[in-house]
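This is what each chain is made of:
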Amino acid sequence: MEKAVIRRLTTLCIVCGLVCLVLLGVAGFRDTNREWKYYQEDYRQKLLGKVGRDKNPAMYQRIVQMKPELKQVVVGEWQTVDRCVTCHISIEDPLFAQAAQPLKTHPHPELLKQHPVEKFGCTICHGGQGLATTYYGSSHETIHNWPVTLVSKGLMQSRCGYCHKDFEAIKADKLIQGRALFQELHCAGCHQINGQGGAVGPDLSGFADKDPSNFPMENLKGSRSKQNWVIEHFSDPQRVSPGSSMRAYAMSERQVEALASYVLSLNQREFTRKYTPKLSAGFVPPRVDTVLPEPGLNSSQAEPDVKKELRL
Ligand code: HEC
Ligand code: HEC
Ligand code: HEC
Ligand code: HEC
């Protein structure tokens with residue numbers, strides 16, 4: 001081989017070697033600088049401050065030796081892996097009630113007792129992308145054209161309704177109000193739920209299971225998520241879904257949230273006994289296609305100005 005060729009090959013090898021080294025360095029740097037490691041270190045420091053070396057030396061030592069690690073809850077039955085607790089690491093620790101997110105204690109500790117984290121995880125109630133270990137990837141904010149978003153605050157009860165069919169038993173006021181609105185506004189005139197109602201519009205029995213890609217998002221003003229689609233669709237079906245025969249409904253923000261929570265709770269997922277709340281003997285869900293004799297009567301108890309705002 002010519003000398004020049006050998007020299008060129010040698011240079012190439014050296015350059016390649018250097019590039020590999022730099023890439024390795026970048027990978028190493030990124031690995032030690034992961035978002036979640038920062039939060040876990042913050043947690044460790046704060047915990048050390050709270051426990052104190054003198055008050056509880058043994059525990060103090062244990063915290064000193066804490067190493068950053070991925071934490072996850074695997075729920076076989078739903079085939080989900082929730083890593084939310086990797087960052088929300090002190091979600092059950094009452095010492096962190098005043099901390100900033102993601103270290104703040106859960107606002108409803110009783111809910112976590114009734115639905116233990118190691119059995120339920122987080123995404124069954126909150127939505128989001130369980131496997132992700134970044135703030136962005138977990139879908140705290142809507143990701144453009146990405147179907148899995150965190151459930152917005154006003155719609156949290158939609159998830160309770162996935163499993164709890166007796167809304168009164170868990171005092172799910174929004175689901176109760178949403179179902180009453182469904183009757184009062186005669187939605188069942190056009191929509192069926194579990195065989196009850198008309199068939200002008202789509203069957204809503206499994207509305208929560210419907211993939212977000214089924215919804216035309218291009219006419220939305222706000223974020224392109226299924227939950228926002230439902231909310232904007234109520235106020236202007238023709239804009240959101242051109243050619244729709246559904247009319248617009250003038251509702252208060254609270255009523256929109258209630259009705260949206262209700263339709264987003266309608267699913268046909270089968271849970272095993274482990275995840276199915278017991279129903280009291282003789283429980284029958286109320287029919288949705290009964291036309292209430294006096295429109296506004298039911299939900300007006302929850303919200304006095306319902307008649308005025310609905311202009312019924
Ligand atoms: C990389 C770390 C990280 C992971 C992983 C993570 N979070 Fe968060 N989360 C945060 C931070 C940081 C905040 C606070 C954001 C703020 O102050 O606006 C937050 C806030 C929240 C909030 C409060 C509402 C909000 O949007 O501000 C909820 C609810 C929440 N997270 C749920 C979840 C769930 C459910 C998961 C798993 C799917 C998850 N988080 C995974 C870091 C994380
Ligand atoms: C049984 C359902 C359920 C489970 C399971 C659950 N949460 Fe929640 N979570 C709620 C409800 C309901 C709220 C209150 C939302 C509101 O303020 O209206 C809430 C509130 C929160 C908030 C505060 C939101 C805010 O804006 O202040 C955070 C953070 C949070 N949850 C994180 C988690 C994480 C992390 C997990 C898993 C370890 C989890 N939750 C498991 C139902 C649940
Ligand atoms: C994955 C299904 C599932 C989801 C989602 C869910 N729960 Fe539950 N919940 C259960 C199961 C299972 C129990 C255990 C009680 C039982 O066996 O009847 C329970 C128990 C409870 C209890 C205790 C009272 C009782 O009936 O034993 C309350 C209150 C409750 N849930 C409220 C809620 C609320 C509020 C939400 C929404 C934020 C919610 N649940 C979301 C399945 C679920
Ligand atoms: C006059 C008949 C009619 C009435 C009454 C009506 N809808 Fe609709 N609805 C439709 C039609 C048609 C569609 C399909 C076109 C579209 O997306 O707007 C639809 C779509 C929907 C969708 C989206 C379903 C999907 O799978 O894409 C929801 C959710 C919905 N309606 C809820 C309601 C609720 C809640 C009410 C009562 C407040 C209601 N509708 C009243 C005709 C009606």
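Residues numbered from 1 in each chain as written. Chains lettered and ligands numbered in written order. Predicted model: local features only at pLDDT ≥ 70, side-chain atom pairs only at ≥ 80, totals over all residues. Heavy atoms only, no water.

The name given to the protein chain in an unreviewed UniProt entry is Cytochrome c, class I, with Citrifermentans bremense as the source organism.

Draft legend 1. Summary view of a nonpolar patch on the surface. A cluster of nonpolar side chains, contributed by Val-5, Leu-9 and Leu-12, occupies part of the molecular surface with about 250 Å² of accessible area. Note that Val-5 resides in helix α1 (residues 3-32). (Patch = residues over 30% accessible without salt bridge, like charges linked within 9 Å, V, L, I, M, F, W, Y side chains within 5 Å. Areas by Shrake-Rupley, 256 points an atom, 1.4 Å probe, with all protein chains shown as cover. Salt bridge = Lys/Arg side-chain N within 4 Å of Asp/Glu carboxyl O. Helix = DSSP H or I, 4+ residues; strand = E, 2+ residues; numbered from the N terminus.)

Draft legend 2. Quick look at the coordination of the iron atom of ligand 3. The protein atoms that coordinate the iron atom of ligand 3 are His-115 (NE2) and His-164 (NE2), at distances of 1.9 to 2.0 Å. Classification of the site at the iron atom of ligand 3 as octahedral follows from its 6 donor atoms and the range of 88 to 179° in their angles at the metal. Of this pair, His-115 sits in the loop between α5 (109-114) and α6 (117-120) while His-164 sits in the loop between α8 (157-163) and α9 (173-184), and the two are 49 residues apart along the sequence. (Donors = N, O, S within 2.8 Å, 3.2 Å for Na, K, Ca; no water. Tetrahedral: all angles 85-135°; square planar, octahedral: opposite > 155°, others 65-115°.)

Draft legend 3. A look at the site of ligand 3. Neighbouring ligand 3 are 16 residues; His-115, Cys-160, Cys-163, His-164 and Lys-278 lie closest to it. In this structure, His-164 approaches ligand 3 through a side-chain N or O atom, which is 2.8 Å from a nitrogen atom. Backbone polar atom of Lys-278 to an oxygen atom of ligand 3: 2.9 Å apart, as the coordinates give it. Among the elements of the structure, α5 and α8 are those that each provide at least two residues to the shell around ligand 3. Its residues assigned to classes, the shell around ligand 3 comprises 9 nonpolar, 4 polar and 3 charged. Lining the shell around ligand 3 are residues from two domains, each supplying at least three of them: domain 1 (36-58 + 70-140) and domain 2 (158-310). (Near = heavy atom within 4 Å. Polar contact = N/O pair within 3.5 Å; in protein donor to acceptor, adjacent residues only side chain to side chain. Nonpolar A, V, L, I, M, F, W, Y, C, P; charged D, E, K, R; others polar. Domains from an automatic or database assignment.)

Draft legend 4. Structural view of the site of ligand 1. The environment of ligand 1 is formed by 17 residues, the closest being Cys-84, Cys-87, His-88, Gln-101 and His-140. Measuring from a nitrogen atom of ligand 1, one finds a side-chain N or O atom of His-88 at 2.8 Å. Within the side chain of His-140, a nitrogen or oxygen atom sits 2.9 Å from a nitrogen atom of ligand 1. Elements represented by at least two residues in the shell around ligand 1 include exactly α2 (35-51), α4 (84-87) and α7 (123-126). When grouped by side-chain class, the residues that make up the shell around ligand 1 number 7 nonpolar, 9 polar and 1 charged.

Draft legend 5. Representation of the UniProt feature "domain: Cytochrome c" (unreviewed entry) in the protein chain. Summarizing the sequence annotation, UniProt attributes the feature "domain: Cytochrome c" (unreviewed entry) to residues 173-267 in the numbering used throughout. Helix makes up 41% of residues 173-267 and strand 0%, with an end-to-end C-alpha separation of 19 Å. (UniProt positions renumbered as here; feature names shortened; annotations may be inferred.)

Draft legend 6. Structural view of the domain arrangement of the protein chain. In terms of domains, the protein chain is made up of domain 1 (36-58 + 70-140) and domain 2 (158-310). On a C-alpha basis, the centroid separation for the pair domain 1 and domain 2 is 31 Å. In this complex, domain 1 contributes 10 residues to the contact, which on the side of domain 2 involves 9 residues. Summing both partners gives a buried area of about 800 Å² for domain 1 against domain 2, and 54% of it is carried by carbon and sulfur. Of all residues in domain 1, Glu-77, Lys-119 and Ile-124 give up the largest surface area on contact with domain 2, accounting jointly for 58% of the area buried on that side. One can count 0 salt bridges joining domain 1 with domain 2. Between domain 1 and domain 2 we count 5 residue pairs in polar contact (both at pLDDT 80 or more) in total. Mapped by element, the contributors of at least two residues to the side of domain 1 that touches domain 2 are α6 and α7. No other element matches the 3 residues that α7 contributes to the side of domain 1 that touches domain 2. (Contact = heavy atoms within 4.5 Å. Buried area = accessible area lost by both parts, 1.4 Å probe.)

Draft legend 7. Layout of the coordination of the iron atom of ligand 4. Taken together, the protein donors to the iron atom of ligand 4 comprise His-191 (NE2) and Met-246 (SD), at separations of 2.0 to 2.2 Å. Given 6 donor atoms and angles of 87 to 177° at the metal, the environment of the iron atom of ligand 4 is assigned as octahedral. One end of the pair, His-191, is in the loop between α9 and α10 (226-235); the other, Met-246, is in the loop between α11 (237-240) and α12 (253-265), and 55 residues separate them in sequence. Classification of His-191 by relative accessible area gives buried; the value is 12%. (Buried < 20%, exposed > 50% of the residue type's maximum accessible area, 1.4 Å probe, protein only.)

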